[in-house]
Amino acid sequence: MTVRIRTQPLTDEAFAPYGDVLEARGAPDKLINQGRCGRFHDRAQLDFSDGRAGISIFQGETETLPLALKMMERHPEGSQAFIPMSGDPFLVVVARDAGVRPADPLAFLTQPGQAINFHRGIWHGVLTPLAAPGLFAVVDRIGAGANLEEHWFETEFIIEE
Ligand SMILES: NC(=O)N[C@@H](O)C(=O)O
Ligand code: NI
């Protein structure tokens, strides 16, 4: 059986059960630098069981839609933020937990200027750039021990616009 998933725009409301949308939207929380810079303060729920937060640079190969969703993963020990280093949209896939496996995956297309932070333990698709060079800053847990659970689907999911 093939299940088709239509992409939807990334909004705070739709993404709230899964993570944070990081963007400069509306009035900033504070003006800094003599009023020349708006600070949208403390917008991500960073959560690590132990270890520390780290920033890594990911250079991902680009994908195109329609795209087969074969696997999702989660990080039980920490949150994970994808912060694009270009203005290109990327694909964000999340799912609810149905007891050690993801269920009902959702696919979001970001707008330029949007980044995301998956909350700790949330099922998500891996980093999926839709345009070169696929460069992202990733904020996630640096620590000992395993922090990755994968689920490979038997159902064929196809993500399409
Ligand atoms: N494994 C890794 O570093 N990246 C994944 O967690 C991912 O979500 O892309
Ligand atoms: Ni991940």
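Residues numbered from 1 in each chain as written. Chains lettered and ligands numbered in written order. Predicted model: local features only at pLDDT ≥ 70, side-chain atom pairs only at ≥ 80, totals over all residues. Heavy atoms only, no water.

For the protein, an unreviewed UniProt entry supplies the name Ureidoglycolate lyase and the organism Sulfitobacter sediminilitoris. One UniProt comment on the protein, placed under Catalytic activity (unreviewed entry), says "(S)-ureidoglycolate = urea + glyoxylate". Of the comments in the UniProt record for the protein, the one headed Subunit (unreviewed entry) reads "Homodimer." (UniProt positions renumbered as here; feature names shortened; annotations may be inferred.)

(A) View of the packing of aromatic side chains. Scanning the entire structure with this criterion turns up six aromatic pairs. Residues Phe15 and Phe108 carry aromatic rings whose centres are separated by 5.7 Å and whose planes lie at 90° to one another, so their mutual orientation is edge-to-face. Within this pair, whereas Phe15 is found in helix 1 (residues 12-15), its partner Phe108 is found in strand 9 (residues 102-109), the two being separated by 93 residues in sequence. Under the relative-accessibility criterion, Phe15 is labelled buried at 0%. Between the aromatic rings of Phe82 and Phe118, the centroid separation amounts to 5.2 Å while the plane-to-plane angle is 85°, which identifies the pairing as edge-to-face. Of the two residues, Phe82 sits in strand 7 (residues 80-84) while Phe118 sits in strand 10 (residues 115-118), which places them 36 residues apart along the sequence. (Phe/Tyr/Trp six-rings, centres within 6.5 Å; stacked < 30°, edge-to-face > 60°. Helix = DSSP H or I, 4+ residues; strand = E, 2+ residues; numbered from the N terminus. Buried < 20%, exposed > 50% of the residue type's maximum accessible area, 1.4 Å probe, protein only.)

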